[in-house]
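# Chains, contacts and geometry: an overview
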Amino acid sequence: MCGIVGLFLKQPKLEPELGALLSQMLDIMCDRGPDSAGFAVYGAGTPGFVKLTLRGPAGTDFAALGAEIGHPVIARDTHGVLSVPVAEEATVRAALARLAPAVKVVGAGARMELYKEVGLPADVAKRFKLETMSGTHAIGHTRMATESAVTTDGAHPFSTGPDQCLVHNGSLSNHAGVRRLLAREGLEVTTENDSEVAAAYLTYRMRGGDSLGEALEHSLGDLDGFYTFVVGTESGFGVLRDPIACKPAVMAETDDYVAFASEYRALAGLPGIETARVFEPEPAKVYFWDRAA
Amino acid sequence: MNLSLKPATAEGETFVDLATTPLRELNGALHKLAPDTNQTLWKIANPAGRHAIAAGLDAPITVEIDGPVGYYCAGMNKQARVIVHGNAGVGVGENMMSGLIHVKGDASQAAGATAHGGLLIIDGNASARCGISMKGIDIVVKGSIGHMSAFMAQAGTLTVLGDAGEALGDSLYEAKLFVRGSVASLGADCIEKEMREEHKAMLAAKLEAAGILGEVDISEFRRYGSARTLYHFHVDNVSSY
């Protein structure tokens, strides 16, 4: 069992509250996944710049690290975010690897920031001050591990491409085979986690020219097992359940947002939920929203 | 009783606000009701999708829930009438023995699962595995139902005014299925059967119980049942045992 949540805003008015809304959704999903949590938020971006999310051991001095590489790092607990010109990304990554080998780049993209840690989801959200974050869309996960160990690396979301991330409730049965396919295609899956394989599969499809919607269509044929996926891209938000629909899912849509949760309880606090269209996404049907700039 | 209740406004009425009263307290109070209780109408506010609301009732009362409920609402119900003004989560009315559950919105998966008796009315759609392993309940769904519904259904009736998803009635025993719309596919050992007068009368009785007799044309329904090839011993299969 795991809990997943997602919130995709259609209008700017709720953007300042995105983090606060996602935070209370994650909080309610604690009892579906108390061992670790994570979330990705699509916030502000600067044209020509890429945002890198870093994760370091507890006590990492991100301010000093930022000073050393010449780009300020905004620290949030064990994570830090810095914005660098696209042309300098490779240089900065190399400098980070040299200066702070224990610090990993866990997410990259024009707007995506990605945070995850072991611990009770409500505490994890507080440590990263999720409630203060703003943005257009966000996805989150509360984990009860089944297929791999309880580690920060094994927590969701998984990001395997720029501005791409995935959360998963379920377990894939053919992840080893897909992992080999992806390795041949040059996609690195860094953890033992089956969900990262799903994320990398979508990256592989989108790298080949698929839209997120098309990539999700293809995963119906290529990924076997139980899954409810919620996926984010820079401007898009997708949902897919396996054909048997083993894992729960409920959605709510208003003029202002599309929201996803494993259980309705997590949607109950959203503004306007009383009059929202609340529905259960159908099995094997791709749901996809895009907010083209 | 220690419930943080508003004073009753009419004889026999009790209000419970789940935003302020713990769910365990409500369910505990409902479980303690005597068969001859005067507290016969319970109105529940702010359910907010909580699980197991009004599960395990065994008293001739009415419980009206004002909003969406989570998993297993009114599970194991005996005698009570439970009305949900909203959607219901997984397993609404699972293992109901008697009484009535009326969901005014949609129901999630496994509605009425394993239930032995009573009537479950769903005004909207029910998703996958509606009536799985049902053992005597009558289910009336005014919308459509999802895949694998009435899987291994043993007894009772499932009436659907809309469509049915894939593998309807897989490994069916003796439950009777009436579907007005399309059926995406039939499961193993489920076949369409002739709609004789006795079945039309049975269907009419179920529609009447659900309060919609006369609103739909009984001749539009088709009946599905068990071909009975899976659960009788057949000598050709002796090597399988």
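On a predicted model such as this, the values are computed, not experimentally measured, just so you know.

The rules behind these values
- Residues numbered from 1 in each chain as written.
- Chains lettered and ligands numbered in written order.
- Predicted model: local features only at pLDDT ≥ 70, side-chain atom pairs only at ≥ 80, totals over all residues.
- Pairing = 2+ DSSP bridges.
- Helix = DSSP H or I, 4+ residues; strand = E, 2+ residues; numbered from the N terminus.
- Axes fitted to C-alpha atoms, helices over the stretch in contact; angles between N-to-C directions.
- Contact = placed C-beta atoms within 7 Å.
- pLDDT = per-residue confidence, 0-100.
- Domains from an automatic or database assignment.
- Nonpolar A, V, L, I, M, F, W, Y, C, P; charged D, E, K, R; others polar.
- Parallel < 35°, antiparallel > 145°, perpendicular 65-115°, else oblique.
- Left-handed = near helix turned anticlockwise from the far one by under 90°.
- Core = buried A, V, L, I, M, F, W, Y, C linked by C-beta atoms within 7 Å.
- Buried ≥ 20, exposed ≤ 12 C-beta atoms within 10 Å, placed from the backbone.

Looking now at the sheet that holds strand β5 (residues 100-103) of chain B. All names here are of chain B. Taken in spatial order, the 11 strands make up an open sheet running β1-β2-β3-β4-β5-β6-β7-β8-β9-β11-β10, and their pairing is mixed. One side of each edge strand has no neighbouring strand; the edge strands of this open sheet are β1 (13-17) and β10 (190-193). This sheet shows a mean twist of 15° between the axes of neighbouring strands, independent of strand direction. In the sheet, β1 pairs with strand β2 (residues 41-45) via five bridges, with the strands oriented parallel. Following the sheet pairing, F15 is matched in β2 by K43. In the packing of helix α2 (residues 197-209) onto the sheet, the strands contacted are β6 (119-122), β7 (135-141), β8 (155-160), β9 (176-179) and β11 (222-226), and the crossing angle to β8 comes to about 75°.

Our focus in this paragraph is the sheet that holds strand β12 (residues 236-241) of chain A. Residue and element names in this part refer to chain A. A sheet is described by the order of its strands in space; here five strands give the open sequence β9-β10-β11-β12-β16, paired in antiparallel fashion. The open sheet has two edge strands with one neighbour each: β9 (158-161) and β16 (287-290). Between one strand axis and the next, the sheet turns through 20° on average, direction left out of account. With two bridges connecting them, β9 and strand β10 (residues 164-172) associate as antiparallel partners.

Quick look at the confidence of the model for chain B now. For chain B, mean pLDDT is 94; residues scoring 70 or higher make up 95% of the total. Both scores are available for the predicted complex, with the pTM at 0.92 and the ipTM at 0.88.

Quick look at the domain arrangement of chain A now. Residues and elements named next belong to chain A. We note that the domain assignment places domain 1 (3-41 + 116-290) and domain 2 (45-110) within chain A. Between domain 1 and domain 2, the C-alpha centre-to-centre distance is 24 Å. Residue composition of the side of domain 1 that touches domain 2, by class: three nonpolar, one polar and five charged.

What follows concerns the packing of helix α6 (residues 194-207) of chain A against helix α7 (residues 212-222) of chain A. Residue and element names in this part refer to chain A. The geometry of α6 relative to α7 is characterised by a closest axis approach of 9 Å and an angle of 125° between their N-to-C directions. Between α6 and α7, the crossing angle belongs to the class labelled oblique. The handedness of the crossing between α6 and α7 comes out as right-handed. Between α6 and α7, the contacting residues are Y201, L202, R205 and M206 on the first element and L212, E214, A215, H218, S219 and D222 on the second. Of the residues that constitute the contact of α6 with α7, the class distribution is five nonpolar, two polar and three charged.

Moving on, we come to the nonpolar core. The biggest cluster of nonpolar side chains holds 159 residues, and the ones touching the most others in it are L7, L22, M25, A198 and A259 of chain A together with A54 and C73 of chain B. At seven residues, the largest contribution of residues to this core is made by α6 of chain A. Mapped onto the domain boundaries, this core takes at least three residues apiece from domain 1 (3-41 + 116-290) and domain 2 (45-110) of chain A. Excluding residues within four positions of it along the chain, A259 of chain A makes contact with G6, L7, M251, A252, L267 and L270 of chain A.

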